[in-house]
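Spelled out from the first residue to the last, the chains are:
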Amino acid sequence: MLKTVLRNPGTVKSKSQAKQLHAHILRTRAGLSPSLISTVLSLYSNFYILRDSLLLFDTLECPPPVLAWKSIIRCYTSHGLFHKSVASFVQMRAFGKYPDHNVFPSVVKSCAMLMDLRLGESVHGYIIRCGLDSDLYTCNALMNMYSKFQNVVGHGGQRRFDAPHMLDEIPQRKRVCGSGSFAEWSGGVKCEELGSEGGRDYFGGNGKREVITDEIECNDDFNNKMRKEIESRFMANQHGELSRIGDVLPQKSAYWEASRVVPMDSVRKVFDMMPKRDVVSWNTVIAGNAQNGMYKEALSMLREMGNLNLKTDSFTLSSVLPIFAEYVDVIKGKEIHGYAIRSGFDSDVFIGSSLIDMYAKCNRMEDSRRVFDLLPRHDAISWNSIIAGCVQNGMFDEGLRFFRLMLNAKIKPMQVTFSSIMPACAHLTTLRVGKQLHGYIVRRRFDDNVYIASSLVDMYAKCGNIRTARWVFDRIESHDMVSWTAIIMGYALNGYAHDAISLFEQMELEGTEPGYVSFVAILTACSHAGLIDKAWEYFNFMTKKYGIAPGLEHYAAVADLLGRAGRLEEAYDLISNMHIEPTGSVWLTLLAGCRVHKNIELAEKVSQKIFMADPEHMAPYVLLSNIYAGAGRWKEVAKLRISMRDRGMRKKPACSWIEVKNKVHAFVAGDKSHPSYDRINEALTVLLEKMEREGYVADTNEVLHDVDEEQKETLLFSHSERLAIAFGIISTPAGTTIRITKNIRVCVDCHTAIKFMSKIVEREIIVRDNSRFHHFSGGQCSCGDYW
């Protein structure tokens, strides 16, 4: 029976069976031969049992057989201990053991996960020298490795690697052979990695703990031998093996000229040289192309696969669906969906998640919902796909609802889930929910993830809590462009332009190059503070210094700045001479400036531009109507309203929101429906009396209705933000910050009134309108009355 099992180890189906077999061998045999130990070790590695594998390996006499090395290398790789996997491979060669085809897939995967291109190419060269470059599984691993490296060197060669330095990370053993423990000559494994505790302890030869000092003795002979080995066996030079796998080594300093290395070209060349390919081979090259934006190549390979009558699997389909999402080609995406249904893949969670994502990016959230609902089970990826889809399509409440359902289903959110859901809190300004999510993130120890931290910075900033946003930012260990941009935009939107500029300059000093969105943020800061010269400076060296061509957002920010400053003709010339076709939204920034400075002639001219570019856009009709109303041209106002009605357009009423005791309260202008209206009205009356004693005088020019002065004052009195603020005052303890969100621009009179209110009630009042935040405190506003 035992002989049968040992001849056919595949009959062992579980960890417990493997351990039972090991125990049976120990009971029935006086000792274990190296071949038996290697067999049991191989079984342990099949089930990824690291600790027992290491202890068993340590019982082998030196040098261990190749099968044992294969098992330990594989086990290290499966546990994510990639440095140790490569170190073991180096040690195996140091003992003169030559690897077979079973060893290299794990070693190549480790190189890929370490993102070490030079080392990976060197291992590839060694594979060719061993004559194993035609092995199916090794070639699949090589293609997967090169496709991952495309993201490393495909954008200007910023990340560079040096394989010989791997030797510096491999602790040198005290004894080459003999009774020394595996921990001594493999670099050791921390107990915590093995599921134990104990700080700096390491497992020694017989399962006992040994303490290995930081300063491991260095055997010069061994060190030289290792370096000579890796240089002679691994490091193929420009005349050697690497020339066969894609001619990736130019004549000089190949590894430091990363821009000339094309890993995806190496993927295809490995693929073309394979004598035999399976579905995994095709999937690897298709997925590699798709993940690196080479969509035409991926689709071409898919067609070629079909012409060979190879049946695609769920992985193939989930690789190509993102292509149609990127192209926003819902027709092609539906064809793949139909094929998935016919092939019985529609219940596959990976296909389902890809379909959810594809439909969401094509703005077909109903189809995304339908796919999600039809899945027989939901995993974290499918939940995250539907949540992200909702948020990307502006369905923020729905995204939060799905997040709550996910938690109720006992599915633990992934790190990317929080990056997806945080923008919903930011857009809805639900600071309470955002804080709850922050607490959950801290408990799960995700707060050291720079992407999640950046989302938190963005959320707090867009909820008007810039101090906490800065606190989160300062706790990020290593800032990237995303985190810098989030805090700079946060300061810009909250009216602290000089802080934004200071951070932008600090980002450059610390060596982080600003990107497209970074310049949108800094130009927005300049726009909200009227810093025209500074804005032109950034606008110009964005192209000259960083080679970033201005986009619509950059032009819109500068046009908005010029419009606010009254330099309307200059803004008109800027938009007219853009190197790209201006959209209605860019012209709209200038139209807003025309309203502020009451330039009717230019407003009419700009409106016609918007009507031509975007005839269904309602905002220009509303703005132009307000401009006419401000000038008392009521006939033109009436004509525009009739035109809007004929087009089926209906102006959204001004609305303000406030969250009190975990409930959101909404108010529209003149609204008397709130249960607390009488108390709100009473509070506003008292406030108005105190404001007038302080010197407040209503500015009725902001009332765009053809009524008398008394009625205009009454209308101002009942603007939605005043109702919301009064409700906040009567519903919260003294000193509590009041946070209001409004769907349109705060009018001049309300802005003045709120300054008086903040002084009288001695509270900070934060109002977010459709373009920025206003922080009112002590009778002043953070915008400096420039908005």
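Residues numbered from 1 in each chain as written. Predicted model: local features only at pLDDT ≥ 70, side-chain atom pairs only at ≥ 80, totals over all residues. Heavy atoms only, no water.

A word on the environment of His438
Link 1 in the chain: Inspection of the secondary structure puts His438 in helix α22 (residues 431-443).
Link 2 in the chain: Judged by relative accessible area, His438 falls into the buried class, the value being 11%.
Link 3 in the chain: The spatial distance from the C-alpha of His438 to the C-alpha of Met422 is 9.3 Å, given a sequence separation of 16 residues. (Helix = DSSP H or I, 4+ residues; strand = E, 2+ residues; numbered from the N terminus. Buried < 20%, exposed > 50% of the residue type's maximum accessible area, 1.4 Å probe, protein only.)

Side note on the UniProt feature "repeat: PPR" (unreviewed entry) in the protein chain
Link 1 in the chain: When the UniProt feature table is mapped onto this chain, "repeat: PPR" (unreviewed entry) is found at residues 278-312, 379-413 and 480-514.
Link 2 in the chain: End C-alpha atoms of residues 379-413 are separated by 10 Å, and the span's content is 74% helix alongside 0% strand.
Link 3 in the chain: Here residues 480-514 runs as 74% helix and 0% strand, with 10 Å between its end C-alpha atoms. (UniProt positions renumbered as here; feature names shortened; annotations may be inferred.)

With respect to unusual backbone geometry
Link 1 in the chain: Its identity is not glycine, yet Val328 carries a phi of approximately 50°, on the positive side.
Link 2 in the chain: Its location among the elements puts Val328 in the loop between α15 (314-327) and α16 (330-342).
Link 3 in the chain: Phi at Glu762 takes a positive value of approximately 55°, unusual for a residue other than glycine.
Link 4 in the chain: Secondary-structure assignment places Glu762 in the loop between α38 (748-761) and β6 (765-768).
Link 5 in the chain: Glu762 sits in the exposed class, given a relative accessible area of 69%.

Considerations on helix α26 (residues 497-509)
Link 1 in the chain: Spanning 13 residues, α26 covers 19 Å between terminal C-alpha atoms, matching the ideal 18 Å at 1.5 Å per step.
Link 2 in the chain: Considered for burial, the residues of α26 that qualify are Ala497, Ala500, Ile501, Leu503, Phe504 and Met507. Down the axis of α26, the smallest arc covering the buried residues is 165°, so these residues share one side. The exposed set on the far side of α26, more than 90 degrees from its buried face, consists of His498 and Leu509.
Link 3 in the chain: Buried residues in α26 make contact with α24 (466-475), α25 (481-493), α27 (516-529) and α28 (532-544).
Link 4 in the chain: Positive phi appears at Gly511, one or two residues downstream of α26, with a value of about 90°. (Expected span 1.5 Å × (residues − 1). Arc of directions from axis to C-beta. Contact = heavy atoms within 4.5 Å.)

Comments concerning the nonpolar core
Link 1 in the chain: Within the largest apolar cluster, 192 residues are counted, with the highest numbers of intra-cluster contacts made by Met459, Ile487, Ile488, Phe519, Ile522, Tyr538 and Leu590.
Link 2 in the chain: Beyond its immediate sequence surroundings of up to four residues, Ile487 is in contact with Val457, Ile466, Ala469, Arg470, Phe473 and Leu503.
Link 3 in the chain: Residues Tyr677, Phe717, Cys750 and Met757 belong to the second largest nonpolar core, which totals 32 residues. (Core = buried A, V, L, I, M, F, W, Y, C linked by side-chain atoms within 4.5 Å.)

Here's the deal with the sheet that holds strand β8 (residues 780-781)
Link 1 in the chain: One open sheet holds the six strands; their spatial order is β4-β3-β5-β6-β7-β8, and the pairing between them is mixed. In the strand order of this sheet, the two ends are held by β4 (663-668) and β8, each with one partner.
Link 2 in the chain: Bridge count between β6 and strand β7 (residues 773-777): four bridges; the pairing is antiparallel. Residue pairing across strands places Ile765 opposite Phe776, the latter belonging to β7. (Pairing = 2+ DSSP bridges.)

A few points about the packing of α28 against helix α29 (residues 552-564)
Link 1 in the chain: Viewed as axis vectors pointing N to C, α28 and α29 meet at an angle of 160°, and their least axial separation amounts to 10 Å. Between α28 and α29, the crossing angle belongs to the class labelled roughly antiparallel. Crossing of α28 over α29 shows left-handed handedness. Contacts between α28 and α29 involve Ile532, Ala535, Trp536, Phe539 and Met542 from the former and His554, Tyr555, Val558, Leu561 and Leu562 from the latter.
Link 2 in the chain: A class-by-class count of the residues in the contact of α28 with α29 yields nine nonpolar, one polar and no charged. (Axes fitted to C-alpha atoms, helices over the stretch in contact; angles between N-to-C directions. Parallel < 35°, antiparallel > 145°, perpendicular 65-115°, else oblique. Left-handed = near helix turned anticlockwise from the far one by under 90°. Nonpolar A, V, L, I, M, F, W, Y, C, P; charged D, E, K, R; others polar.)

Here we look at the pairing of β6
Link 1 in the chain: Of the two faces of β6, the one holding Ile765 and Val767 and the one holding Ile766 and Arg768 are both buried throughout.
Link 2 in the chain: Sheet topology places strand β5 (residues 738-742) next to β6; four bridges connect them, and they run parallel. Counterpart to Thr741 in the pairing with β6 is Arg768.
Link 3 in the chain: For the handedness criterion, the β-α-β arrangement of β5, α38 and β6 is classed as right-handed.
Link 4 in the chain: Counting the residues between successive antiparallel strands, the hairpin from β6 to β7 contains four residues. (Right-handed = clockwise from strand over helix to strand, strands pointing away.)

Quick word on the pattern of salt bridges
Link 1 in the chain: Inspection of the entire model under this criterion finds 23 salt bridges.
Link 2 in the chain: Across the pair Asp272 and Arg268 runs a salt bridge, and its minimum N-O distance is 3.0 Å. Placement of both Asp272 and Arg268 in helix α12 (residues 263-273) is noted, with a separation of four residues, approximately one turn of the helix.
Link 3 in the chain: A salt bridge links Asp749 to Arg722; the shortest N-O distance between them is 2.3 Å. Taken together, the residues span a long stretch of sequence, with Asp749 in helix α38 and Arg722 in helix α37 (residues 720-731) at a distance of 27 residues. As far as the burial class goes, Asp749 and Arg722 line up, both buried.
Link 4 in the chain: Sharing partners across several salt bridges, the network here consists of Arg369, Asp373, Glu398 and Arg401. (Salt bridge = Lys/Arg side-chain N within 4 Å of Asp/Glu carboxyl O.)

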